Amino acid sequence: MKQVNLTISFDEEKLSALKRYMSKRDLELEREMTDALVKLYEKYVPAPVREYIDETDTSAPTRSRRSPKPVTPKPLEEMEVTQ
């Protein structure tokens, strides 16, 4: 999926304190914010909508519902010769 950047306003002194105390616990602010956004998404976006978005995600590998049939070549005598 295409990623976007969010910009929010927050008190500079509070942000500085937050980063300082998170670093003492070896936590990353960006990772924690991303986790919080995922939880909000899962809480407020209905499951069918989330499933639809997941299915239409073009960056995800496509999943085939059926396994492909193996291709077996025909013996030479069965192949038609065209001139």
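As the structure is a computational prediction, the values presented were derived from the model and not from experiment. Counting restarts for each chain, with residues numbered from 1 along the sequence as it is written. Reporting of local features is limited, given that this is a predicted model, to residues whose pLDDT is at least 70; pairs of side-chain atoms are given and counted only at 80 or more, and all residues count toward the totals for whole chains, interfaces and linings. Heavy atoms throughout the structure, all of them, feed into the side-chain values; hydrogens and water do not.

Trainee: Honestly, the environment of Arg50 in this entry has me stumped. Any pointers?
Mentor: The helix count covers DSSP runs of H or I at least four residues long, the strand count covers runs of E at least two residues long, and both are numbered beginning at the N terminus. Tracing the chain through its elements places Arg50 in helix 3 (residues 47–56). Between two residues, a contact is recorded if the distance between any of their heavy atoms is within 4.5 Å. Apart from the residues lying within four places of it in its own chain, the contact partners of Arg50 are Tyr41, Glu42 and Val45.

Trainee: In this structure, what is going on with the pattern of salt bridges? I would like to understand it.
Mentor: Close approach of charged atoms allows side chains with opposite charge to pair. Think of a salt bridge as a Lys or Arg side-chain nitrogen and an Asp or Glu carboxyl oxygen that are within 4 Å of each other. The final tally for this structure, using the stated rule, is 1 salt bridge. Ionic pairing is found between Asp35 and Arg31, a salt bridge with its closest N-O pair at 2.8 Å. Of this pair, Asp35 and Arg31 both sit in helix 2 (residues 29–44), 4 residues apart, which is roughly one turn of the helix.

Trainee: Is there a simple way to think about the side chain of Asp57 in this case?
Mentor: With respect to the helices and strands, Asp57 occurs in the segment after helix 3. Polar side-chain contacts of Asp57 include one of 3.2 Å to the backbone nitrogen of Met1. N or O atoms within 3.5 Å of each other form a polar contact, as long as, within protein, one can give a hydrogen and the other can take it, and as long as residues adjacent in sequence are counted only when both atoms are side-chain atoms.

Trainee: So what exactly am I meant to see when it comes to the layout of surface pockets here?
Mentor: In this approach the atoms are scanned with a rolling probe the size of a water molecule, which exposes any empty space left behind. Estimates place the volume of the largest pocket at around 760 Å³. In the cavity and pocket records, a cavity denotes points on a 1 Å grid over the protein atoms alone where a 1.4 Å probe fits but cannot get out, a pocket denotes an open set with protein on both sides within 12 Å along at least 5 of 7 lines, and lining residues are residues with an atom within 4 Å of a point. Taken together, 18 residues line the largest pocket, and the ones lying closest to its centre are Leu6, Glu30, Met33, Thr34 and Leu37. Mapped onto the lining of the largest pocket, the elements with two or more residues apiece are helix 1 (12–24) and helix 2. Tallying contributions element by element places helix 2 first for the lining of the largest pocket, with 7 residues. Following the grouping adopted for this structure description, the nonpolar residues are Ala, Val, Leu, Ile, Met, Phe, Trp, Tyr, Cys and Pro, the charged ones are Asp, Glu, Lys and Arg, and the polar ones are all others, Gly among them. The class makeup of the residues in the lining of the largest pocket is 12 nonpolar, 4 polar and 2 charged. Grid points are joined across faces, edges and corners, and a volume is the space filled by probe spheres set on the points.

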